[in-house]
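Chain and residue survey
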Amino acid sequence: MMKKSLKLAVAASVLATPAMAANLENPLYMPTAGEFYSKTSGGLMLKVADSSDAHVKKGHDGATEFPIWRIQEDLGIGITDRIAIRGAFAYTHDADIDRKGMNHGRFGLIWRAIETSDDIVLDIYADAHLGGINKMRGAYTLERGFQYDNYSNGRWGFDAGVRFGKTWSKLTTSAFVEVLKTFGNSNNVIDIAGLNAEMRGALAAAGIPSEISVNLKSTTEVNFGLNAFYQLNDRWSFGAGFKYNHHADNGVKSLATELDAMGNAVASGIIAPLSDMNDGFDEYIVTLSAANQLTDNVQVAVYGEYTFDEAHANSQNGTDVKAEVGVRLNLAF
């Protein structure tokens, strides 16, 4: 009788033990109703600038930028088992070029539209693009072109995309494709006080201030990616991914600062060459990661990322080397 009771007690304890928490590193992770998750990443990046016309003009071609500090926060909460609210925010600080600020922000909904019995899923999502939270700031000179102070484009917009994949036992594969649409506005401040003294005198005589704002054009960008994830056991998992980002050329549509007729004519002449800034670039990003599940609620991952890119002539984002390593803390409650 005692042996039978002992067996029943052991069986009950096993059944009462909570199942392993869903792995936040899984590219198809979806929080359940009421579950909150947070993924906080801290990374260190190394960049070597390429020889684009913009970098040559600044005397920055071939220059090394290190260390570049990067922080990203992804968080969300399940509304139902198939609908969740989510957000993502990222900050970069690059002291070598005196550029810092929020470089990524989005907030929206994701819906698990399809989930089959053989572990095929399809998610649809839409996010607000938060590039308009901060003004785009920088300085413009004839000799060096535009010098950015932060990473904001000053524009609001939206992302819309789909994510789909399948799980085979311990292996999960997935893909996504999304479109980003931004809307042109005048949420920017451009310092033109650095123009040569002769021109500054002409600008002052025309009543043009040392800072102006312009109306930027709208843009459309496309991103897509592939991911593979392997759950080795209850504690260890590994991931690999590829992502393509297309960053469209920026362009100035018109002067936003209100000036008199003479000032408007002078300032419009200065910004006319910026109608098509030819500063777009394409990124091809490869990532690897390894994660350890410390508890049901806490996971730590290390990751490495390398970016190949192709930049247009006036882009200040082209690189010969762009590599990042970091640590990510994942929490789920």
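The paragraphs below set out a description of the structure included in this document. (Residues numbered from 1 in each chain as written. Predicted model: local features only at pLDDT ≥ 70, side-chain atom pairs only at ≥ 80, totals over all residues. Heavy atoms only, no water.)

**Re the overall build of the protein**
For the protein, the helix and strand inventory stands at four helices and 18 strands. The burial tally for the protein puts 42% of its 333 residues in the buried class. When contacts within the protein are restricted to residue pairs at least 6 apart in sequence, long-range pairs at least 24 apart make up 66% of them. A total accessible area of about 16800 Å² is found for the protein, and carbon and sulfur atoms account for 63% of it. In the protein, which carries 29 positive and 39 negative side-chain charges, the distance between the mean positions of the two groups comes to 8 Å. (Helix = DSSP H or I, 4+ residues; strand = E, 2+ residues; numbered from the N terminus. Buried < 20%, exposed > 50% of the residue type's maximum accessible area, 1.4 Å probe, protein only. Contact = heavy atoms within 4.5 Å. Areas by Shrake-Rupley, 256 points an atom, 1.4 Å probe, with all protein chains shown as cover. Lys, Arg positive; Asp, Glu negative; His and termini not counted. Charge placed at Lys NZ, Arg CZ, Asp CG, Glu CD.)

**Regarding the sheet that holds strand β7 (residues 145-148)**
Ordered in space as β7-β6-β10-β11, the four strands form an open sheet in which the pairing is mixed. The sheet is open, and its two edges are formed by β7 and β11 (211-212), each paired on a single side. Bridge count for strand β6 (residues 136-141) against strand β10 (residues 188-191) is four bridges, and the pairing is parallel. Bridging across to β10, R137 finds its partner in V189. (Pairing = 2+ DSSP bridges.)

**What to know about the environment of E25**
Topologically, E25 is positioned in the loop between α1 (2-16) and β1 (36-49). On the accessibility criterion, E25 (13% relative accessible area) is buried. Residues E25 and L203 lie 178 residues apart in sequence; the distance between their C-alpha atoms is 55 Å. Sequence-distant contacts of E25, that is, excluding residues within four places in its chain, are made with K39, F229, S289, A291, Q299, A301, R328 and N330. A polar side-chain atom of E25 sits 2.8 Å from a polar atom in the side chain of N330. (Polar contact = N/O pair within 3.5 Å; in protein donor to acceptor, adjacent residues only side chain to side chain.)

**A few points about the pairing of strand β4 (residues 99-115)**
Two elements, strand β3 (residues 83-94) and β4, share 12 bridges in a ladder whose sense is antiparallel. Along β4, the bridge assignment pairs A90 with H104. Hairpin connection from β3 to β4: four residues lie between these consecutive antiparallel strands, with D98 at a positive phi of about 50 degrees. Note that β4 and strand β5 (residues 120-129) share nine bridges and pair antiparallel. In the strand pairing of β5, I110 is matched with Y125. Counted between consecutive antiparallel strands, the loop separating β4 from β5 contains four residues, among which D119 sits at a positive phi close to 65 degrees.

**Quick notes on the pattern of salt bridges**
Here the structure, examined in full by the defined rule, presents 10 salt bridges. R112 is the salt-bridge partner of D123, the closest N and O atoms lying 2.8 Å from each other. One end of the pair, D123, is in strand β5; the other, R112, is in strand β4, with 11 residues separating them in the sequence. Residue classification places R112 among the buried positions, given a relative accessible area of 6%. Within the structure, one salt-bridge network assembled from shared partners comprises R86, R106, D127, D159 and E178. (Salt bridge = Lys/Arg side-chain N within 4 Å of Asp/Glu carboxyl O.)

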